[in-house]
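# Breakdown of the fold
This is what each chain is made of:
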Amino acid sequence: MKKKLMMVAVFLGALSLGACVDDNESASVTNVRNAKAEQLKAAAELDKAQAEAALIQANTEKLIAEAEAAYQAALTAAKELENEQAKLALQKAQATLDIEIEAAKIKAEAQLQAAKAALETAKANLIAALDKVDAAEKQRIQDLVVKADNVLQLLQDARGAKLSATTQIARLNAELVIVEEYVANETKRYEGYIARQEALIAEYSKYEATVKTKEEAKKAYDEAHATWLALDKISREKNVAYEEAQQVYFDKVDLQGQYEFAQKAGGEYWQYYKVVDIFDDGDNNPHNHSVEYTYEDKTVGIENFYVPVVNYELNTEAIAQAKENCAGELKNTEEGWLSYAENQVKVTALAVAEAQKALTDKQATDEYKNAVKAVADAQKAYDEAKTSEDKNNAYWTLQAKKQDLANVTINEENALNTANENKESADENLKNAKEHVENLNKELAKIDEAEAFATGDAAKAYTEYVDTYKKAFEALNIDAALAKENANRAVEKQWTLANSLNNIANSYADYEGLISNCKQNISRYQGFIAELDNVATKEEAIKQEQEKLAKAESDVAIYEAQYKDYMSQIQALIESTPAE
């Protein structure tokens, strides 16, 4: 529901074809020069105001592009997390992107309101300056200003289409809107445009039957313009109210992370809680909420909103199943694994003692003692050897005696090593069994905590927060949004009527041409709706928006060139005014 930048054609009513220049002595060369300077300054102000409006649109597109880039970075980071953590991280990134897109659009709307006022001031200054030139020059400049103003309307529409396509592509890429919703929304949007064109046709037909002369058209314009001024005041007020509701809503969203219940129910206790759609609209997507609007012009529209805030409900089935599973596993562990592990520790401890006794007994035998003595004798012989040959022979004799000693107890030592290894394995197995029992008991305690958490103070506080969030959401996206859009549509329609009547009064348009233009618009919108029938996937939807974006960018370039050309002609015409 983006508000277009609308510019008032008030200067067209102020310009009169019958105006003339005072030819008395005060019309000096100095006065003419001053008038030219004022005209050039006013034209420059108009051009500057238009450029500022263009910059606002460009900055908004940049903000959305940056938000989308941040989302893609968050998406990449989420892939490195565990499944549930990744899901939560992705949801947070989606919510952040959605909020930043909306914030950028709202900021643009507020800035465009200011830009519109600057444009009107610049036009009014140009009008005042033109009052100081002769009727012929005034007529020529007036013709060019009307052409420039008409092109500027097309230019702002093209910029709006570019921003809309940019936004849609970002939403589709981030899956903030599914294809079916996109098609339904776009269809209703174009149907609304068609209804507005049909309403204009009805108004033009009514005026065609009752307003026949330029004087009647001028009077009708004055009345329509007065009505526009009143509606514009209401529109500004509704937009301010919307911005205030937007800030309240953002503040509520920011508070979500401070609530312990949301942190635990969505994190530590996530297995035992269900995510609850706070709007309960039956779409099986708690982060999406569709709002259908019925506007005062009898058209309807649908907006799909990403809802970052969800509630949590105790999953009693999961709790019961978890308790049953834990209790069963605990019983089986204690009776099976733990009992077996405890027995194995005892068995292996006896085996170690037995193996150690066997080794000790072996070492007490004459065979072992003789082998020990043989090693000692061989060592003595090696130490006392004097020649190289004797030393070498003594060395190999010593090695043989050591091997003989090792062979005496090799079986007993191997048995002891095996017994010790078995004992270590049994100890580790018992440790693991005890840790598993401990973990199961902790899990049972955690389940009890999660169950009690659902009725604690933290849950009550979060329920109250969710209620205030819902109210802020509805105040913004239902009440304030509907009031804003109704006011914007009313003022836009009234401006179109007033501008058309002014053009008729000045012979720049006729009813037949205005009605024909509306019918052409209707045909164009019907074509867009027909194209939507071919959109079945996200890729097709994005492709269609990319085509719209390319068309809008092309239109912006064309209309900017045309606008600059008209403004250059205006400046050249002013500068060519003779000095006397």
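What you see is a predicted model; the values in this text were computed from it and never measured.

## Re the overall build of the protein
- Counting its secondary structure elements, the protein contains 13 helices and 4 strands.
- Residues classed as buried in the protein amount to 42% of the 580 residues present.
- For the protein, the accessible surface area stands at approximately 30200 Å², while carbon and sulfur atoms represent 52% of it.

## Some points on the pattern of salt bridges
- Evaluated as defined, the whole model comprises 22 salt bridges.
- The salt bridge involving Glu451 is made with Lys323; its shortest N-O contact spans 2.7 Å. Here Glu451, found in helix α10 (residues 388–453), pairs with Lys323, found in helix α8 (residues 316–363); they are 128 residues apart in sequence, far enough to count as distant.
- When its relative accessible area of 31% is taken as the criterion, Glu451 is described as partly exposed.
- Its salt-bridge partner being Lys471, residue Asp467 comes within 3.4 Å of it at the nearest N-O pair. A residue pair is termed a helical-turn pair when its members lie 3 or 4 positions apart in one helix, as Asp467 and Lys471 do in helix α11 (residues 457–505) at 4 residues.
- Among the residues examined, Lys471 registers a relative accessible area of 52% and is labelled exposed.

## As for the pairing of strand β2 (residues 288–294)
- Pairing analysis gives 7 bridges linking β2 to strand β3 (residues 300–306), with the strands arranged antiparallel. Within β3, the position partnered with Tyr293 by the bridge is Gly301.
- Here β2 hands over to β3 after 5 residues, with Lys298 in that stretch at a positive phi of 75 degrees.

## Remarks on unusual backbone geometry
- Backbone geometry at Lys298 places phi at a positive 75 degrees, although glycine is not the residue there.
- When you line up the elements, Lys298 lands in the loop between β2 and β3.
- A relative accessible area of 72% places Lys298 in the exposed class.

## Remarks on the confidence of the model for the protein
- When pLDDT is averaged along the protein, the result is 81, and 77% of the positions lie at 70 or above.
- Note on residues 1–29: pLDDT under 50 across the span, and 79 contacts to partners over four residues away in sequence or across chains.

## Comments concerning the packing of aromatic side chains
- A complete count under the given rule lists 22 aromatic pairs for this structure.
- Look at Tyr193 and Tyr525: their rings are 5.2 Å apart centre to centre, the planes differ by 50 degrees, and that puts the pair in the tilted class. Residue Tyr193 is located in helix α5 (residues 179–210), and its partner Tyr525 is located in helix α12 (residues 511–532); the two are separated by 332 residues in the primary sequence.
- Ring geometry for Tyr269 and Phe453: centres 5.5 Å apart, planes at 70 degrees, overall edge-to-face. On the criterion of sequence distance, the pair formed by Tyr269 in the loop between α7 (260–268) and β1 (273–276) and Phe453 in helix α10 is long-range, its members being 184 residues apart. The burial state of Tyr269 is the same as that of Phe453; both residues are buried.

Analysis parameters
- Residues numbered from 1 in each chain as written.
- Predicted model: local features only at pLDDT ≥ 70, side-chain atom pairs only at ≥ 80, totals over all residues.
- Heavy atoms only, no water.
- Helix = DSSP H or I, 4+ residues; strand = E, 2+ residues; numbered from the N terminus.
- Buried < 20%, exposed > 50% of the residue type's maximum accessible area, 1.4 Å probe, protein only.
- Areas by Shrake-Rupley, 256 points an atom, 1.4 Å probe, with all protein chains shown as cover.
- Salt bridge = Lys/Arg side-chain N within 4 Å of Asp/Glu carboxyl O.
- Pairing = 2+ DSSP bridges.
- pLDDT = per-residue confidence, 0-100.
- Contact = heavy atoms within 4.5 Å.
- Phe/Tyr/Trp six-rings, centres within 6.5 Å; stacked < 30°, edge-to-face > 60°.

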